[in-house]
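# Coordinate analysis (summary)
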Amino acid sequence: MTRADLLIIGAGPAGLAAAIAARQAGVKDLLVLEREEASGGILRQCIHNGFGLHRFKEELTGPEYAQRDIDLAADLGIRIQTNAMALSVTRDKVVSFVSRQEGPRQIECGAIILCTGCRERSRGAIGTPGTRCAGVFSAGTAQKFVNLHGFMPGSQVVILGSGDIGLIMARRMTLQGARVLACVEIMPYSSGLNRNIVQCLNDYDIPLYLSHTVTDIRGTSRLNGITISRVDENRRPVPGTEIDFSCDTLLLSVGLIPENELALGAGLNLSAATGGVLVDDRFETEIDGVFSAGNALHVHDLADDVSEEAARAGRAAADYLLRGGQKRQMLSVMDGRGVLGAVPQKIAVPAEEDVRVRFRVDRVYENAYVCAHAQGAVFPRRKHRILTPGEMAQAVLPKQPLSLAEGDIVISIEGEKER
Amino acid sequence: MKLDAAIIGGGVVGAAVARVLSRYHLSVAVFEKCDDICMGASKANTGIVHSGYDAKPGTQKALFNVAGAKMYPALCAELGVPYKKCGALVIAFTKEEQVTLSLLRDRGCQNGTVRLSIISGDEARALEPALSQEVIAALHVPKSGVVSPYEMTFALMEHAAVNGVKVYTREKVLRVDRQADGFLLTTEHHCVTAGTVINCAGIGAAAVRTALVGDTVRLIPRKGEYHLLDNTGYKPFTRTIFQCPSVMGKGVVITPTAHGNTLIGPTAMDVKDGEDVATTADALKEALDKGRRTWPQISTRTAIASFAGIRAHPVSDDFIVGHTQTGFFEAIGIESPGLTAAPAIGEHLGKAVAAYLKAGLKEHIITPCVCRKPFREMNFKERGEAWREDPTYGTVVCRCEHVTEAEIKKAIHAPVGAGNIDAVKRRTRAGMGRCQGGFCGPRVLDILSDELAVSPMRITKFGEGSELLTKEIRGGDI
């Protein structure tokens, strides 16, 4: 068994940002494990642009965005072990991993940051009926085939779900000569970023069927057709509204699920709302010295946000290692009206700095206020012209009122006009 | 091609017969129409090893069920197949069903199933806390088990293959004719003469029989649909939970699988097309609605797959196993508990064929090539040993089920090797997990392409026509 002060699992945007921040905060003995053959995580296959607008004030592709962190990590002498798959994490911070170069290894860690990313919801998870033919892919898998392997997984395409990867793939498949017949979304609104609806569907005249879902998948060997149906307000298909499409490919972009099997194995609990572990404002989990960041914590829309949060986690882990863990008084952050999955779930008082709480709204709101309430404190509320479930929302809780708060902090959406 | 025995159908029964015949001085081949063996009912069922209380005493079902169940623990140990003796409860919600429980217990005793007892609803809930409050009594079946049905089939067939049985996939039998001294089989690529024919063709067995015997055995394709839940996190039951059986079968079961997943199903719907394994919204809902009676908190939140299987339901309601006509042997209508019965059917038919052919036993039988246990089940030391032998044990391809490159390569080059994505999945579990191959699919495709030395364009999901890729993006394209 070897030892490391800080072990970071995953060298995607979260792991890289956490590693860089921790190193810059003074952590010398630091190792990053990456299961793929190269760093960068999912950004490696996201060759479209739009990354880095917030962080670098530039429009970068995914690989370009990742490369900046990979280069910086290299400059800082951060050791990233690729082709290394973490297999288990214990409560006392022993990590088992395996790699082709070194075989199985165990490593005792002072602190761990879980940056294990997320996976795509599969057809099985949404229970779409029909045959189990070839030609049904998750959008990310199709993206990998096209952008990393250089193969097209189909030519006549329907996309189920208007998540960002699905929208991006609608454009990508079109540019590669495929015909994208429709994008089908079960909700009455898109779950992707508005800019992607415009740039990936509208610009290519790809119709978006809101409040529709796929109700049949046909084809004994390769997919040869699907049926979509309109759904009622309870998301149940309405008979008589079926539309058939002849297609050889169905791409699914029906949600992302944080990957937390390592966290579960360590005995951590998951939030039903986010699918991630429960963290405080330093991104520390219920186990001292174990932190979580990135899409493993909660699914983000923007890599920029991932980097920002993960850097905080990296600094917090450095602080934990250099100054030791401190007992702090914690307040709970609760989901109020209209709010789903506020992160962090705990905030320490007195606060050391302003705390940003990120969450999603449960439906579309127009001209609504994001509010925070706690006994003893008055938080500023912020008006939004529009809030949609497809775009992560936030509430910044200033240090000052936060320090006066007693009891739970409730985040809610108020004063809205429902669209 | 000249054979002593031609087995039609590469399901679990065909594999079991093949394995028994491989002990004799005989030339034997299996003909399977699909790209892989184990593509029919053998791959899509509950995986339960039934202890034998359900079948009517005196029937072939009862006979082979009880005999097969007894063989399972040792057979699985010998072949290295995942098997768990998890026990079962048959639950009753009404006084009438309570009467059925007594009937089942008595049947079990008659069939030779031991240690059946009827317990109260509270006792049942003490064993399985997720059970419904509505359960008033249960039949406790401690000896019931679960097995991985496809791994069982592969192991049986591989053992047969290493002992000389030839296994032909993509080899549909198109015609069978009786000749003076045996049979002439016309398959897709071969003309085969065979001294005996063993009809293990599943739902297709009726057609084979009609061709040779003339009379008709009616098999009704009965579709069953299932939900499969992930093997991490909450697991509702440690035992198989049956509802009381009805004329349509054993009802919706909720059971742990041999790999720790939870399976909910099957429904039972008679269909016209014996190949129709499409799932339907109605049946998937029905499986949940019926399952909810057993498990009120039922949830598909952790669902990873749904699927359908076709069982060949004989109108007579009993298996037809035996020497039907000179040289023509059959296992027809092997619906539930067919998986349990298969090893016993294999022994029975295999020995009957050998006796008919007056074949002698081989002096030496090669023992099953029980490879290393799967990487995911190895301890630290075993992983190190495996890696030192083959460094690709250090490359985890399927992150959900922790399947390594070494295991995938082994599956491809095994005696009855995997030639497509689903075949790799059933042999190694790569793609069986919560991402359903989303991450590892492209890697498995690459490994298949490398190991089989064919273009990625030709790699299929489950055989010709199910190619995954449609075009190579070449330089010059944008």
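Residues numbered from 1 in each chain as written. Chains lettered and ligands numbered in written order. Predicted model: local features only at pLDDT ≥ 70, side-chain atom pairs only at ≥ 80, totals over all residues. Heavy atoms only, no water.

### Here's the deal with the overall build of chain A
The condition is simple: Counting from the N terminus, the helices are the DSSP runs of H or I reaching at least four residues and the strands are the DSSP runs of E reaching at least two. C-alpha atoms define the radius of gyration, and 2.2 Å times the number of residues to the power 0.38 defines the globule rule. Each residue is placed in one exposure class: buried if its accessible area under a 1.4 Å probe, protein chains only, is under 20% of its type's maximum, exposed if it is over 50%, and partly exposed if it falls in between. Any two residues having at least one pair of non-hydrogen atoms within 4.5 Å are treated as being in contact. For the purpose of charge, His is not counted, nor are the chain termini; Lys and Arg are scored as positive and Asp and Glu as negative. The atoms used to mark charge sites are NZ of Lys, CZ of Arg, CG of Asp and CD of Glu.
A count of helices and strands for chain A gives nine helices and 30 strands. Computed over the C-alpha atoms, the radius of gyration of chain A is 22 Å, within 12% of the 22 Å expected from 2.2 N^0.38 for a compact globule of 419 residues. Considered along the principal axes of its C-alpha atoms, chain A spans approximately 65 × 55 × 40 Å. Within chain A, buried positions represent 60% of all 419 residues. Once local pairs closer than 6 in sequence are excluded, the contacts in chain A between residues at least 24 apart make up 64%. Counting 46 positive and 50 negative side-chain charges, chain A places the averaged centre of each group 0 Å from the other.

### Observations regarding the sheet that holds strand E16 (residues 225-230) of chain A
Residues and elements named next belong to chain A. Put simply, the rule is: At least two DSSP bridges between two strands are needed for those strands to be called paired. Orientation is described by lines fitted to C-alpha atoms, with helices fitted over the stretch in contact, and by angles between N-to-C directions that extend from 0 to 180 degrees.
Reading across the sheet, the three strands line up as E15-E16-E17 and stay open at both edges, with antiparallel pairing between neighbours. Here the strands that pair on one side only, and so sit at the sheet edges, are strand E15 (212-218) and strand E17 (243-245). Put simply, the sheet's adjacent strands are angled 25 degrees from each other on average, direction ignored. Alignment of E16 against E17, held across three bridges, turns out to be antiparallel. Across the sheet, residue Ile-228 finds its bridge partner in E17, namely Ile-243.

### As for empty space enclosed by the protein
Stated formally: In the cavity and pocket records, a cavity denotes points on a 1 Å grid over the protein atoms alone where a 1.4 Å probe fits but cannot get out, a pocket denotes an open set with protein on both sides within 12 Å along at least 5 of 7 lines, and lining residues are residues with an atom within 4 Å of a point. Grid points are joined across faces, edges and corners, and a volume is the space filled by probe spheres set on the points. Any residue that is not Ala, Val, Leu, Ile, Met, Phe, Trp, Tyr, Cys, Pro, Asp, Glu, Lys or Arg is counted as polar, Gly included; the first ten are nonpolar and the last four charged.
One pass over the full model with this rule turns up four cavities of 30 Å³ or more. Each pocket or cavity is described by its volume, and for the largest cavity that value is around 70 Å³. Looking at the largest cavity, the residues that line it are Arg35(A), Glu36(A), Lys144(A), Val396(B), Val397(B), Arg399(B), Phe439(B), Cys440(B) and Arg443(B). Its residues placed into classes, the lining of the largest cavity shows four nonpolar, no polar and five charged. For the second largest cavity, the calculated volume is near 50 Å³. The wall of the second largest cavity is formed by Arg35(A), Asn83(A), Ala84(A), Met85(A), Gly394(B), Thr395(B), Val396(B) and Arg443(B). In terms of residue class, the lining of the second largest cavity is made up of three nonpolar, three polar and two charged.

### So, the state of the cysteines
Note the threshold: Defined by distance alone, a disulfide is two cysteine sulfur atoms within 2.5 Å.
Applying the stated criterion to the full structure yields zero disulfides over all chains. Cys46(A) provides the cysteine sulfur closest to Cys118(A), a residue in no disulfide bond, and the two sulfurs are 10 Å apart. Summary of cysteine pairing: Cys435(B) is not part of a disulfide, and the nearest cysteine sulfur, belonging to Cys400(B), is at 3.8 Å. The class for Cys435(B) is buried, based on a relative accessible area of 7%.

### Regarding the sheet that holds strand E4 (residues 83-84) of chain B
All names here are of chain B. Across the sheet, three strands lie side by side as E3-E8-E4; this open sheet has antiparallel pairing. Edge positions in the sheet fall to strand E3 (48-49) and E4, since each has one partner strand and no second. Note that E3 and strand E8 (residues 145-147) share two bridges and pair antiparallel. Paired with Ile-48 across the strands is Val-146, a residue of E8.

### Here's the deal with the nonpolar core
How we decide: Only buried residues count toward a nonpolar core, which is a set of Ala, Val, Leu, Ile, Met, Phe, Trp, Tyr and Cys residues joined through side-chain atoms within 4.5 Å.
Counting residues in hydrophobic clusters, the biggest one holds 60 residues, and the most contacted among them are Leu6(A), Ile8(A), Ile9(A), Leu30(A), Val95(A) and Ile113(A). A per-element tally of this core places helix H8 (residues 303-323) of chain A first, with eight residues. Ignoring any residue separated from it by four or fewer positions in sequence, one finds Ile8(A) in contact with Gly15(A), Ala18(A), Ala19(A), Leu30(A), Leu31(A), Val32(A), Leu33(A), Ile113(A) and Cys115(A). Within the second largest apolar cluster, 52 residues are counted, among which are Ala5(B), Val30(B), Ala161(B) and Val416(B).

### Points about the interface of chain B and chain A
The condition is simple: By buried area we mean the combined loss of accessible area, with a 1.4 Å probe, across both parts when two parts are placed together. Only one rule defines a salt bridge in this text: a Lys or Arg side-chain nitrogen within 4 Å of an Asp or Glu carboxyl oxygen. By the criterion applied in these results, polar contacts are pairs of N or O atoms within 3.5 Å in which, for protein atoms, one can donate a hydrogen and the other can accept it, and in which residues neighboring in sequence qualify only through two side-chain atoms.
Facing 51 residues of chain B, the contacting portion of chain A comprises 50 residues. Taken as a group, Phe380(B), Arg399(B) and Ile473(B) account for 15% of the area that chain B buries against chain A, more than any other trio of residues on that side. Taken together, chain B and chain A are joined by four salt bridges. Joining chain B to chain A, the criterion identifies 18 residue pairs in polar contact (both at pLDDT 80 or more). Sorting the residues of the side of chain B that touches chain A by element identifies helix H7 (281-294), strand E18 (303-314), helix H9 (380-389), helix H12 (441-452) and strand E23 (471-472) of chain B as the ones contributing at least two each. Per-element accounting of the side of chain B that touches chain A gives the leading share, five residues, to E18(B).

### Examining the packing of aromatic side chains
Stated formally: To pair, rings of Phe, Tyr and Trp, with the six-membered ring standing in for Trp, must have centres within 6.5 Å; the planes then decide the type, stacked if under 30 degrees apart, edge-to-face if over 60, and tilted in the middle. We call a charge positioned over a ring when the NZ of a Lys or the CZ of an Arg lies within 6 Å of the ring centre and within 35 degrees of the ring normal.
Summed over all chains, the structure comprises 13 aromatic pairs over all chains. When the centroid spacing of 6.4 Å and the interplanar angle of 55 degrees are considered together, the rings of Phe51(A) and Tyr65(A) count as tilted. With Phe51(A) in strand E3 (residues 49-51) and Tyr65(A) in helix H2 (residues 62-75), this residue pair connects regions lying 14 residues apart in the sequence. Accessibility expressed as a relative area gives 12% for Phe51(A), which makes it buried. A centroid spacing of 6.5 Å and a plane angle of 50 degrees characterise the contact between Phe183(B) and Phe328(B), whose relative ring orientation is tilted. One end of the pair, Phe183(B), is in strand E11 (residues 182-187); the other, Phe328(B), is in strand E20 (residues 328-332), and 145 residues separate them in sequence. Comparing Phe183(B) with Phe328(B) shows no difference in burial state: the two are buried. Taken together, the ring pairs connect Phe51(A), Phe56(A) and Tyr65(A) into an aromatic cluster. Over the face of the ring belonging to Tyr369(A) we find Arg381(A), whose NZ or CZ atom lies 3.7 Å from the ring centre. The ring centre of Phe93(B) lies 4.0 Å from the NZ or CZ of Arg293(B), which sits over that ring.

### Describing the pattern of salt bridges
Using the criterion set out here, one finds 54 salt bridges over all chains in the structure. For the salt bridge of Glu382(B) with Lys373(B), the shortest nitrogen-to-oxygen distance reads 3.2 Å.

### Here we look at H8(A)
Residue and element names in this part refer to chain A. As a reminder, the rule being used: Here the expected length of a helix is defined as 1.5 Å per residue gap, with one fewer gap than residues.
A rise of 1.5 Å per residue sets the reference length of H8, with its 21 residues, at 30 Å; its end C-alpha atoms lie 30 Å apart and thus fit the reference within 8%. When you tally the buried positions in H8, you get 15 out of 21 residues, the bulk of the element. Downstream of H8 by one or two residues, Gly-324 has phi in the positive range, about 85 degrees.

### Structural notes on a positive patch on the surface
Where we set the bar: Grouping into patches uses exposed residues only, defined as over 30% relative accessible area, and leaves out salt-bridged ones; the cut-off is 9 Å for like charges and 5 Å for nonpolar side chains (Val, Leu, Ile, Met, Phe, Trp, Tyr). Here the Shrake-Rupley method, with its probe set to 1.4 Å, supplies the accessible areas, and only the displayed protein chains count as covering residues.
Taken together, the side chains of Lys70(B), Lys85(B), Arg115(B) and Lys143(B) make up a positively charged region of the molecular surface. Secondary-structure assignment places Lys143(B) in the loop between strand E7 (137-141) and E8.

### Considerations on the side chain of Thr262(B)
Relative to the helices and strands, Thr262(B) resides in strand E16 (residues 262-265). Setting aside its immediate chain neighbours within four residues, Thr262(B) contacts His227(B), Leu228(B), Leu229(B), Asp230(B), Pro236(B), Ile254(B), Thr255(B) and Pro256(B).

### Digging into the confidence of the model for chain B
Put simply, the rule reads: The pLDDT value expresses, per residue, how confident the predictor is, ranging between 0 and 100.
Across chain B, the average pLDDT comes to 95, with 99% of residues at 70 or higher. Per the prediction output, this complex has pTM 0.95; the corresponding ipTM is 0.95.

### Concerning the packing of helix H2 (residues 60-79) of chain B against helix H5 (residues 149-162) of chain B
All names here are of chain B. Filter applied, for reference: If an angle is under 35 degrees, it is roughly parallel; if it is over 145, roughly antiparallel; if it lies from 65 to 115, roughly perpendicular; otherwise it is oblique. Crossing handedness is defined as follows: a turn of the near helix away from the far one that is anticlockwise and smaller than a right angle gives a left-handed crossing, while the clockwise case is right-handed.
Two elements in contact, H2 and H5, have axes whose closest approach is 10 Å; the angle formed by their N-to-C orientations is 65 degrees. Our classification of the angle between H2 and H5 gives roughly perpendicular. Judged by the twist between their axes, the crossing of H2 over H5 is left-handed. Along the contact surface, H2 presents Tyr-72, Leu-75, Cys-76, Glu-78 and Leu-79, while H5 presents Met-152, Ala-155, Leu-156 and His-159.

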